[in-house]
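If you want the building blocks of each chain, they are given just below.
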Amino acid sequence: MAKPAFPKTLEEFRQRFPSEQSCLEYLSESRWPDGFRCPKCAGKKAWIIAKPFGYECAQCGRRTSPTAGTVLHDSHLPLRDWFWAAYLIATHTPGMSALQLQRQLGVATYRTAWYMLHRLRRAMVNDSRTLLRGRVEADETIIGGPVKGKRGRGISKEEANTLVFGAVEVEVYQDRQRRTKEKAGRLRLSTSERADEISIGQFMQSNVHEGTIVATDGWRGYSEAAMQGYFHEPQKKAAVLHIHRAFGNLKTWLNGTHHGVDPKYLPRYLDEYVFRFNRRDSPMAAFQTLLGIVSVKRPLPLRALKQP
């Protein structure tokens, strides 16, 4: 079965989700597009419970809410607020800060809005996503400045700075005049303590398919050992344009929308940036994608957000 249609305009969104019931039904369709399956016994036959909306498994008798075991599990906020938050963060071009979200939703505290955003950011990484392939540009950058106490690129005594690795697919296409051009495809970002060949090699293996052509600026960290399994093409620094543009836009977004980010929370902001970057041509569909991932992610307690 196909997933439910996603709203393409703000008016469609308002009409599609006028109540908690409509949100629960949509979340259920997104979570079980092929029909309900019991999370306890995998049974497919169930009775629908009207209030509160959910399912009772005909095989084991377990009752399951569409939010059970998901990022939204045990939330005391209305589901409509979660839907609005997901819609705003997925479709609003410059992103949404916690203060902006608090104002838009009218939630009581900044802390509540901040917690909502971080729960949703947790759901922005699909654990089954495929590795980058084809032709890829890879590089690293410093968010806020060089990393304290680390050797290699970016030596500094600043504590609030983080090293970030990045890789982006390069897509070739023809414009309307049939001229061959390039554009950035899918992106991956990850923080790291150092820019040595071991760290670079681990990042590459986790994010780029073996056999891929990888263009870098030729820095020594991209050694033969780090690039083993890839077709490495060292370039002049100016030649790896797409990853540099992605880094530039990332820094503009962090400083402009969020006015800087605490390093211990930066990985979650990188997850949001990657999610939005990779879906920049289909922001409305991104709303449905986000809800779909939300429905399979485990709940995130507040204490977990306090960890680096």
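Residue positions within a chain follow its written sequence, with the count starting from 1. The predicted nature of this model means local features are confined to residues of pLDDT at least 70 and side-chain atom pairs, given and counted, to a pLDDT of 80 or more, with totals for whole chains, interfaces and linings taken over all residues. Computation of side-chain values covers all heavy atoms of the structure but excludes hydrogens and water.

**Student:** It is not clear to me how the packing of aromatic side chains should be interpreted in this structure. Could you clarify?
**Tutor:** Two descriptors summarise a pair of aromatic rings, namely the distance from one centre to the other and the angle between the planes of the rings. Two rings from Phe, Tyr or Trp (for Trp, the six-membered ring) form a pair when their centres are within 6.5 Å of each other. A pair whose planes differ by under 30 degrees is stacked, one over 60 is edge-to-face, and the rest are tilted. A complete count under the given rule lists 21 aromatic pairs for this structure. With a centroid separation of 5.5 Å and an interplanar angle of 85°, the aromatic rings of Trp32 and Tyr55 are classed as edge-to-face. Of this pair, Trp32 sits in the loop between helix H2 (20-31) and strand S1 (46-49) while Tyr55 sits in strand S2 (residues 54-57), and the two are 23 residues apart along the sequence. For Trp32, a relative accessible area of 12% corresponds to the buried category. Judged by its relative accessible area of 13%, Tyr55 is buried. By the criterion adopted, a ring carries a charge over it if an Arg CZ or a Lys NZ lies within 6 Å of its centre and within 35 degrees of its normal. Residue placement shows Lys183 over the ring face of Tyr173; its charged tip is 5.4 Å from the ring centre. What counts as a helix is a DSSP run of H or I of at least four residues, what counts as a strand is a run of E of at least two, and both are numbered from the N terminus. Buried residues are those whose accessible area, probed at 1.4 Å on protein chains only, stays under 20% of the maximum for their type, while exposed residues exceed 50% and partly exposed ones sit between those limits.

**Student:** Even after reading the chapter, I still don't get the sheet that holds S1, so can you show me in this structure?
**Tutor:** In a beta sheet, neighbouring strands pair by backbone hydrogen bonds and run either parallel or antiparallel. The three strands are arranged S1-S2-S3 in an open sheet whose pairing can be described as antiparallel. Sheet topology places S1 and strand S3 (63-64) at the edges, where each strand pairs with a single neighbour. Taken together, the four bridges between S1 and S2 define a ladder with antiparallel strand orientation. Bridging from a neighbouring strand, Ala46 pairs with Cys57 of S2. A pair of strands is labelled paired if DSSP reports no fewer than 2 bridges between them.

**Student:** Looking at this structure, I do not really get the sheet that holds strand S7 (residues 162-174). What am I missing?
**Tutor:** With respect to topology, five strands assemble into an open sheet ordered S8-S7-S4-S9-S10, the strand pairing being mixed. The sheet is open, and its two borders are formed by strand S8 (180-192) and strand S10 (231-234), each paired with just one other strand. Pairwise comparison of adjacent strand axes, ignoring direction, gives a mean angle of 30° for this sheet. Here three bridges tie strand S4 (residues 135-143) to strand S9 (residues 213-216), and the two strands are oriented parallel to one another. Bridging from a neighbouring strand, Arg135 pairs with Ile213 of S9. Across the face of the sheet, helix H8 (residues 266-278) comes into contact with S4, S7 and S8 while running at roughly 160° to S8. Where helices are involved, their axes are fitted lines through C-alpha atoms of the stretch in contact, as for all axes, and angles between N-to-C directions lie from 0 to 180°. In what follows, residue pairs with any heavy atoms lying within 4.5 Å of each other are defined as contacts.

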